[in-house]
Amino acid sequence: MRNYSILKLVAVIVVIAVCAFLAYNEVKNNNIRTGIDIRGGVYAILEPDIGKTSLSAEEIDKGLESAKTILGKRLDAKNIFDRSINIDSVNDRIIIEIPWAAGETNFNPQDQLNELGKTALLTFQEVDTDKVDENGNYLPTGRIVLQGNQVKDANPAPYEEKGGWVVVLELDQSGVESFAEATGRLIGKPIAIFMDDHFISAPIVSQKIDGGNAIITGQADASEAAELAATIRSGALPFRLVATKVDSISPQLGAGAMNVAVKAGIIGFFLICLFMLLVYRLPGLIASIGLFGLAVLTILSVAWTKISVTLPGIGGIILALGMGVDANCVIYERIKEELREGKTLRAAIDQGFHRAFTAVVDSNVTTLITAVVLYALGSGPIKGFAMTLGIGVAISFITAVTATKLMLQGVTGISAFKNKWLYGVK
Amino acid sequence: MKQLNIIKNQNKYFFISLAIIVIGLIFYIVNGVQLDIQFSGGTRIMIETNGEVDSNKAEELVESALGKSVTAQTQKTNNPDAEEEVIYMLRLDIASEETLTADERDMVVDIITQNFDVKEGGNQEMLSVEPSIGRETLLSGLKAVLIASVLIIAYVTWRFSAIHGLAAAITAVIALIHYILVTFSLYPIFRLPLGEVFISAVLTIIGYSLNDTIIIYDRIRENTRLMKKSTLEEIVNTSINQSLTRTINTSATTLITLITLFIFASVNNISSLVEFSLPLIAGFIAGVYSTVFIASPLWLMWRRRAAMKKTPKKA
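As the structure is a prediction and not an experimental result, all values here were calculated from the model.

Rules behind the numbers
- Residues numbered from 1 in each chain as written.
- Chains lettered and ligands numbered in written order.
- Predicted model: local features only at pLDDT ≥ 70, side-chain atom pairs only at ≥ 80, totals over all residues.
- Helix = DSSP H or I, 4+ residues; strand = E, 2+ residues; numbered from the N terminus.
- Rg over C-alpha atoms; globule rule 2.2 N^0.38 Å.
- Buried ≥ 20, exposed ≤ 12 C-beta atoms within 10 Å, placed from the backbone.
- Contact = placed C-beta atoms within 7 Å.
- Pairing = 2+ DSSP bridges.
- Axes fitted to C-alpha atoms, helices over the stretch in contact; angles between N-to-C directions.
- Domains from an automatic or database assignment.
- Nonpolar A, V, L, I, M, F, W, Y, C, P; charged D, E, K, R; others polar.
- pLDDT = per-residue confidence, 0-100.
- Core = buried A, V, L, I, M, F, W, Y, C linked by C-beta atoms within 7 Å.
- Expected span 1.5 Å × (residues − 1).
- Parallel < 35°, antiparallel > 145°, perpendicular 65-115°, else oblique.
- Left-handed = near helix turned anticlockwise from the far one by under 90°.

Q: Could you give an account of the overall build of chain B, with specific residues and numbers?
A: Counting its regular elements, chain B contains ten helices and four strands. Along the chain direction, N to C, the helices and strands of chain B fall in the order α-α-β-α-β-β-α-β-α-α-α-α-α-α. Relative to the globule expectation of 20 Å for 315 residues, the C-alpha radius of gyration of chain B, 25 Å, shows a markedly less compact shape. Each principal axis of the C-alpha atoms in chain B carries an extent, and together these give about 85 × 40 × 30 Å. Looking at the 315 residues of chain B, the share that counts as buried comes to 47%.

Q: Go over the overall build of chain A, please, and point to the residues and values.
A: Looking only at helices and strands, chain A has eleven helices and eleven strands in total. Within chain A, buried positions represent 46% of all 426 residues. Taking contacts inside chain A between residues at least 6 apart in sequence as the whole, the part at least 24 apart equals 72%.

Q: Just give me the short version of the interface of chain B and chain A, but keep the residues and values in it.
A: In this assembly, 60 residues from chain B lie in contact with 58 residues from chain A. For the side of chain B that touches chain A, the secondary-structure elements that each account for two or more residues are strand E2 (71-78), helix H4 (102-115), strand E4 (124-129), helix H5 (131-159), helix H7 (196-226), helix H9 (244-267) and helix H10 (271-314) of chain B. In the sheet, strand E11 (residues 240-249) of chain A pairs with E4 of chain B via four bridges, with the strands oriented antiparallel. Residue Ser248 of chain A lies in a different strand from E4 of chain B, and its bridge partner there is Met126 of chain B.

Q: Can you tell me about the sheet that holds strand E10 (residues 213-219) of chain A, naming the residues and giving the values?
A: All names here are of chain A. Taken together, the three strands give an open sheet; going across it, the order is E6-E7-E10, and neighbouring strands pair in antiparallel fashion. Since the sheet does not close on itself, it has two edges, and those belong to strand E6 (151-158) and E10, each with one partner. Taken pair by pair, the neighbouring strands of this sheet meet at an average axis angle of 25°, ignoring direction. In the sheet, strand E7 (residues 165-171) pairs with E10 via five bridges, with the strands oriented antiparallel. Paired with Glu170 across the bridge in E10 is Asn213.

Q: A description of the domain arrangement of chain B should follow, citing residues and the corresponding values.
A: Residue and element names in this part refer to chain B. Annotation of chain B at the domain level lists domain 1 (10-36 + 133-310) and domain 2 (42-129). Summarising the inter-unit geometry, the C-alpha centres of domain 1 and domain 2 are found 38 Å apart. Contacts between domain 1 and domain 2 engage six residues on the former and five residues on the latter. Each residue belonging to the side of domain 1 that touches domain 2 can be placed in one class, and the counts come to two nonpolar, four polar and no charged.

Q: Report on the domain arrangement of chain A, specifying residues and quantitative values.
A: For chain A, the assigned domains read domain 1 (2-35 + 250-423), domain 2 (41-108 + 243-248) and domain 3 (122-236). A C-alpha centroid distance of 64 Å is found between domain 1 of chain A and domain 3 of chain A.

Q: I'd like to hear about the confidence of the model for chain A, residue by residue, with values.
A: Low pLDDT marks regions whose predicted coordinates should not be analysed in detail. Looking at chain A as a whole, the pLDDT averages 81, with 88% of positions reaching at least 70. Within chain A, helix H8 (residues 282-305) of chain A carries the highest mean pLDDT (92), whereas helix H4 (residues 109-117) of chain A carries the lowest (54).

Q: Requested: an account of the nonpolar core, with residues and values cited.
A: Core analysis: the largest hydrophobic core is formed by 171 residues, its most contacted members being Ala257, Leu374 and Met407 of chain A together with Leu90, Leu92 and Ala168 of chain B. Each residue touching Leu92 of chain B, except ones within four places of it in the same chain, is listed here: Arg44, Ile45, Ala58, Val62, Val70, Ala72 and Val108 of chain B. Counting 24 residues, the second-largest nonpolar core is a separate cluster that includes Ile191, Ile193, Ala225 and Ala229 of chain A.

Q: Residue-level account of the sheet that holds E2 of chain B, with values.
A: As a general point, the strands of a sheet are linked pairwise by backbone hydrogen bonds and lie either parallel or antiparallel. Taking strand neighbours across the sheet as the criterion, the eight strands line up as E2(A)-E3(A)-E1(A)-E11(A)-E4(B)-E1(B)-E3(B)-E2(B) in an open arrangement whose pairing is antiparallel. In this open sheet, the two edge strands, each paired with only one partner strand, are strand E2 (84-88) of chain A together with E2 of chain B. This sheet shows a mean twist of 20° between the axes of neighbouring strands, independent of strand direction. As paired elements, strand E1 (residues 42-49) of chain B and strand E3 (residues 86-94) of chain B share seven bridges and run antiparallel to each other. From the neighbouring strand, Thr43 of chain B faces E3 of chain B, where its bridge partner is Ile94 of chain B.

Q: Quick one: what's the story with the environment of Leu297 of chain A, residue by residue and with numbers?
A: All names here are of chain A. Relative to the elements of secondary structure, Leu297 occurs in helix H8. Along the backbone, Leu297 and Ile391 are 94 residues apart, and their C-alpha atoms lie at a distance of 9.6 Å. In this structure Leu297 touches Cys19, Ile395 and Thr399, once residues within four positions along its chain are discounted.

Q: Residue-level account of helix H9 (residues 311-340) of chain A, with values.
A: Residue and element names in this part refer to chain A. Along its 30 residues, H9 runs 44 Å from first to last C-alpha, staying within 8% of the 44 Å computed at 1.5 Å per residue. With respect to burial, H9 is a largely interior element, 28 of its 30 residues being buried. With its phi angle positive at about 95°, Gly342 sits one or two positions after the end of H9.

Q: Just give me the short version of unusual backbone geometry, but keep the residues and values in it.
A: A negative phi holds for most residues other than glycine; trans holds for most peptide bonds. Even without glycine at this site, Asn30 of chain A takes up a positive phi of about 55°. Tracing the backbone through its elements, the reader meets Asn30 of chain A in the loop between helix H1 (2-28) and helix H2 (36-39). Judged by C-beta crowding, with 9 C-beta atoms within 10 Å, Asn30 of chain A ranks as exposed. Notably, Asn269 of chain B is not glycine yet its phi reads approximately 55°, a positive angle.

Q: Tell me what's going on with the packing of helix H10 (residues 345-377) of chain A against H7 of chain B, and back it up with residues and numbers.
A: In a packed pair of helices, the relevant descriptors are the angle between the two axes and the axis-to-axis distance. Their axes nearest at 9 Å, the elements H10 of chain A and H7 of chain B cross at an angle of 155°. Here H10 of chain A lies roughly antiparallel to H7 of chain B, going by the angle between them. As for the relative orientation of H10 of chain A and H7 of chain B, their crossing is right-handed in sense. Across the interface between the two elements, Thr358, Ala359, Asp362, Ser363, Thr366, Thr367, Thr370 and Leu374 of chain A of H10 of chain A pack against Leu203, Ile206, Gly207, Leu210, Asn211, Ile214, Ile215 and Asp218 of chain B of H7 of chain B. Looking at the contact of H10 of chain A with H7 of chain B residue by residue, the classes come out as seven nonpolar, seven polar and two charged.

Q: An account of the confidence of the model for chain B is needed here, citing residue identities and associated values.
A: Residue and element names in this part refer to chain B. Looking at chain B, pLDDT values average 83 and 97% of them are 70 or higher. When mean pLDDT is taken per element in chain B, E1 scores highest with 89 and H10 scores lowest with 80. Across the interface, the model reports ipTM at 0.81; the global pTM reads 0.75.

Q: Describe the pairing of strand E4 (residues 122-126) of chain A, with residues and values.
A: Residue and element names in this part refer to chain A. Taking burial as the measure, the five residues of E4 include four buried ones, the bulk of the element. Note: E4 against strand E5 (residues 144-147), three bridges, orientation antiparallel. In the strand pairing of E5, Phe124 is matched with Leu146.

Written out as structure tokens, the structure is:
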């Protein structure tokens, strides 16, 4: 029986040590993802600018999905692979996070913004011939004939009839229909092509086009035609995206905050251990080991699940550590009470854990409820906080209750550790 | 062991809380509360300069160029890459119904670059928030707190049905609201800008404070069973006192962490962490106070009133 007890103690310590080793490796290999607020980068919320057009919820969802793919492709083309693009389907928006590349020296948020803002919605519009800007180009009217998402493919081709280059557009079924209708109606009039609100060209309709292909003339040379075709292909966004929030954070300042938070965390951890040791003696030492286990398990789960740690996320971890310490305080005070009543060590420990259990369960469950609600409803920073808090509280339940219980039971099996003084009584 | 008689002195404790909240309210009416760009919407531009610059001058220059109201301030941060080197940032907050256009932002950067000693290739930060998104962030945060409160009431009502769960749940939530009000009071009193950090701090303390309250209620629940002959008042007092050591020890460990974070952040001039840890420390103390001196006495008052209402019916 005694040997079995010691085995429990050794087993828990070995597990924690192994986890600590794994966690150390994850940290050393930089496998902890950090949020934009720490590593620096651009965080932006993009919302579809639906304007006067009426889209069904389904169309918006589909549109956001393809916008996400397109944004991804654009970033691929710029060799930015380490980014995250998420659709917030509750609020119909796209949240995009692009960290600064390693060795990036141009931290001008403006440049990044311009890159993000280039959303290129291609439209063919009816225009009023008397409404032109200062350069004589037609102004967009919003009377849309054809949209980028009705274009299946776009390719440059030599213009056989008159020489030069054109872009050939292959239209989908709905595109063919609407283009045939409009070209039939607008013979002799221009249809202008816009990229967002930017005027591209305005070919005059010479005849009704119902073959499924349309061409954009007016290309200066092969490379210009190829460029326009590529923009149309990757730029066929179903709607324009408007950045409603842009946060651009310098990597140096974020890293500074992270360093300080980690340093404070380590020192705080040792101070807590010292406090627990002084107040609770032997169980305090065991609580410290449990707390250490909580810390390494949190690091491991964050590394393995690839969650980004943000500054509020660190707040969540600190709160979870606090909850872990608290569970130990509640249990140990109970054990002391039982010891004062004259119970044996073993009975006091069992009773202490048993009677503190409901309190610890209730306080952890209410915290988990908070974490889940915040995760489901909160926005960016609040989600980060809720995520680490939830994980931490779940882990703290294992380390502060189960692990410390096993260790305490193990320790009491060793005769040298049976003195009640070691447990804080007299 | 000497026992604190919390119930006997409850009016004193209620008064202290009320006084802080009323002072906060007066300051709120006089000063208003300044919402950060994150919530109010607008544009924030931060530019690194060589050494401290005259923020008043920057404010005037940018204000006259944009025709919008501007708040400028300088911030210092220790350089994480080089010890004992300080990064000076000039921060411009332009709160308005519309965020600055790209041209306007370029103009602001140009004005600052022409008039001040801007560090070449230095840090630059920009935050641009449409007012609608800012309001939404604030509202979604509040909504989350509200829904979490309702679920907690439901859970506590169920778990603490032995001690009249609804009374326990609602008084626990009142204690939470009390602490949120006390923490909020700090913002108008000290003219702190209310931003996302406030929401995080509130959420953190909700966790702790609720935890404290539940530990005490757990004791009341247990003691109602064990101390059948005692009055409610005795049960509540005993329960608070029995868990007092635990409350003190837990609070001590948490305060150790928070104060360490605060000291580190202040020494290294990390404003985001100072803004996070300061309301946490204040809120934490208010949270413990809420639990010990507000939640349980309120629960007792509720129970007594309920008992008084019932008596005549029986007669």
